[in-house]
Amino acid sequence: MAHRISFLWIVLVLLQNSVLAEDGEIRSSCRTAPTDLVFILDGSYSVGPENFEIVKKWLVNITKNFDIGPKFIQVGVVQYSDYPVLEIPLGSHDSGENLVAAMESIHYLGGNTRTGKAIQFALDYLFAKSSRFLTKIAVVLTDGKSQDEVKDAAEAARDSKITLFAIGVGSETEDAELRAIANKPSSTYVFYVEDYIAISKIREVMKQKLCEESVCPTRIPVAARDEKGFDILLGLGVKKKVKKRIPLSPTKIKGYEVTSKVDLSEVTSNVFPEGLPPSYVFVSTQRFKVKKMWDLWRILTIDGRPQIAVTLNGVDKTLLFTTTSIINGSQVVIFADPQVKTLFDEGWHQIRLLVTEQDVTLYIDDQQIENKPLHPVLGIFISGQTQIGKYSGKEETVQFDVQKLRIYCDPEQNNRETACEIPGFCLNGPSDVGSTPAPCVCPPGKPGLQGPKVRNPQFTNPPFKRLLLVNGNFFPHFSSRNICGDKLSTFDLTLMLDLLFQKWKEGICLLFWKEQFLTNPFL
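Just so it is clear, the structure is predicted and the values come from calculations on it, not from any experiment.

### A short note on the sheet that holds strand β6 (residues 162-169)
Sheet architecture is open: six strands sit in the order β4-β3-β2-β5-β6-β7, paired in mixed fashion. Here the strands that pair on one side only, and so sit at the sheet edges, are β4 (84-88) and β7 (190-193). Taken pair by pair, the neighbouring strands of this sheet meet at an average axis angle of 20°, ignoring direction. Two strands pair when backbone bridges link them, and strand β2 (residues 35-42) and strand β3 (residues 73-80) are joined in this way by eight bridges, in the parallel orientation. What sits directly across from Val 38, in β3, is Gly 76.

### A short note on the environment of Gly 424
With respect to the helices and strands, the residue Gly 424 is situated in the loop between α12 (413-416) and β24 (467-470). Each C-alpha atom, one on Gly 424 and one on Thr 251, is 8.3 Å from the other, the two residues being 173 residues apart in sequence.

### As for the state of the cysteines
Between two cysteines, a covalent bond joining their sulfur atoms is known as a disulfide. Applying the stated criterion across every chain yields a total of two disulfides. Between the sulfur atoms of Cys 30 and its disulfide mate Cys 211 the distance is 2.1 Å. Handedness here is read from the sign of the S-S torsion; for Cys 30 and Cys 211, about 50°, the answer is right-handed. On the criterion of sequence distance, the pair formed by Cys 30 in the loop between β1 (27-28) and β2 and Cys 211 in helix α8 (residues 203-215) is long-range, its members being 181 residues apart. A relative accessible area of 7% means that Cys 30 is categorised as buried.

### Quick notes on the pattern of salt bridges
Going through the model one piece at a time under the given rule, you end up with 25 salt bridges. Among the ionic pairs, Asp 231 bridges to Arg 406, the shortest N-O distance being 4.0 Å. Taken together, the positions of Asp 231 in strand β9 (residues 225-231) and Arg 406 in strand β23 (residues 400-408) put the pair 175 residues apart, joining distant regions of the chain. A relative accessible area of 19% means that Arg 406 is categorised as buried. Counted as one network, the salt bridges with shared partners bring together Lys 209, Glu 212, Glu 227, Asp 410 and Arg 416.

### Some remarks on unusual backbone geometry
For the bond from Lys 184 to Pro 185, the omega torsion is 0°, close enough to zero to count as cis. Note on placement: Pro 185 falls in the loop between α6 (175-181) and α7 (186-189). Although it is not a glycine, Glu 346 adopts a positive phi angle of roughly 75°. Within the fold, Glu 346 resides in the loop between β17 (329-335) and β18 (349-355). For Glu 346, a relative accessible area of 38% corresponds to the partly exposed category. Here Asp 365, not a glycine, exhibits a phi torsion of approximately 50°, which is positive. Here Asp 365 is to be found in the loop between β19 (359-364) and β20 (367-373). The class of Asp 365 is buried, set by a relative accessible area of 14%.

### Quick notes on the packing of helix α4 (residues 115-127) against helix α5 (residues 151-159)
In a packed pair of helices, the relevant descriptors are the angle between the two axes and the axis-to-axis distance. In contact at an axis separation of 8 Å, α4 and α5 are set at 25° when each is read in the N-to-C sense. Taken as axis vectors, α4 and α5 run roughly parallel relative to one another. Regarding α4 and α5, the two cross each other, and that crossing is left-handed. Residue-level contacts link Gly 116, Ile 119, Gln 120 and Leu 123 of α4 to Ala 153, Ala 154, Ala 156 and Ala 157 of α5. Counted by class, the contact of α4 with α5 contains six nonpolar, two polar and no charged residues.

About the criteria used
- For every chain, the first residue of the written sequence is number 1, and numbering continues from 1 onward in sequence order.
- Selection of residues for local features in this predicted model requires a pLDDT of at least 70, selection of side-chain atom pairs for listing and counting requires 80 or more, and totals for whole chains, interfaces and linings are taken over all residues.
- Calculated side-chain values reflect all of the structure's heavy atoms, with hydrogen atoms and water omitted.
- DSSP-based pairing: two strands are paired if at least 2 bridges between them are found.
- A run of H or I in DSSP becomes a helix once it reaches four residues, and a run of E becomes a strand once it reaches two; helices and strands are each numbered from the N terminus.
- Each axis is a line fitted through C-alpha atoms, and for a helix only the stretch in contact is used; angles between axes span 0 to 180 degrees, taken between their N-to-C directions.
- The criterion for a disulfide is a pair of cysteine sulfur atoms lying within 2.5 Å.
- Any residue under 20% of the maximum accessible area for its type is buried, any over 50% is exposed, and the rest in between are partly exposed; the area is computed with a 1.4 Å probe on protein chains only.
- A pairing counts as a salt bridge when a side-chain nitrogen of Lys or Arg comes within 4 Å of a carboxyl oxygen of Asp or Glu.
- Any angle that falls under 35 degrees is termed roughly parallel, while one over 145 is termed roughly antiparallel, one within 65 to 115 roughly perpendicular, and all others oblique.
- By definition, any crossing whose near helix is turned counterclockwise from its far helix by less than a right angle is left-handed, and any crossing with a clockwise turn is right-handed.
- We call two residues in contact whenever any of their non-hydrogen atoms come within 4.5 Å of each other.
- Amino acid classes used here: Ala, Val, Leu, Ile, Met, Phe, Trp, Tyr, Cys and Pro are nonpolar; Asp, Glu, Lys and Arg are charged; the rest, including Gly, are polar.

Shown next as structure tokens:
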């Protein structure tokens, strides 16, 4: 029995590592996206030989996720202490096996910590000598404060279009220094672990982040930050192809009225040139009257077979998600929860799918509906078509209205995304901030008895309860400034929506100190 399991595992690994179809076409994914990737490893005395061996194993595990070669990913390694050492030059190995062997043979240096010099060395002697015009990434791993300046070297690397990640190990690392090394925002490009044993905890998230950099070249403006991802409507030229715009009253947002005469198709290589990351968030806001089965979004092979698709079944009132699979090439999961039927009521609704390597979770209008397991997936072929609004198995366009259709590469965007583009869903939608009066209205009551005198005059206001919304609950919160009359941002309003009316009925005034609210680590 054990031999059979081992044999099956070997077959699955071979299938997963295979990037070629029968006709030689390459499956595109972060495994194959052309990238120059350099690891800059701290080899100072504070690391120690045992911990350095742990780092090498971590390095090997990260690298095994990529296809190595001149057309794909090239990996270089620099170890540093008092001085940097070029352990593995970029492009020196044309296979994963050879690269792993070279990594395992790296010897620990020992010495002081000169991180700035190592970053400059990687820029001058690895990246500058690469003739490939592609994604360039450096990962700096250190367990202590550098004994030289890092800021200038890091800025020079970023000026050369190199993306920098910083990983701090242990309590001796300095937060400001790691932030100076890494790209912005720090929440994406800076990582901390308590010790070298714990570094395995960030292996999967590092793999995801490296994939995001290599396959997601564009950014989508979202609230106060830009998210890596794909605006599929933009990629398929909807602004040029769809003439009629429709308002989502009472907001100022407009959607697109797609008719059967419109063909929203594009060659996949123009939309997803390097495929998709292993985890992503699909978001679409639409309304329709279609009673048949149709594909809201699909990626087809060159012979018209669906590789990835979001399908709405108007007959059974279910939602289907299709993706690739290492088992038989394709897999389909069906979401049939009764709440899925609300999508078919001809009103505006937001569909959100959080896709990971293990499962896919459906959200409708910000509410989690169902979770389904997935088999491991393969990359996609990019020589076919990417289409939206097509009857399943046909080229005929469905008549429907659409406002948003995006893919976010960072799965954490699932926790930040709202459905405020839907009319009436949020008190202050994303396009009408500033036009709606602030909802915190506290009607004056009867004058009470004179209270005791206080030293600080700012607390002579009526004794309203100050509350902070954290994960759907209100907690007492005292700020240094009463901004009850100020207009709140969209982010504030969407978070406090659930309990807002209930608290109004209780006569409680909601007070928020903006800076404290937006930087609260619980949100």
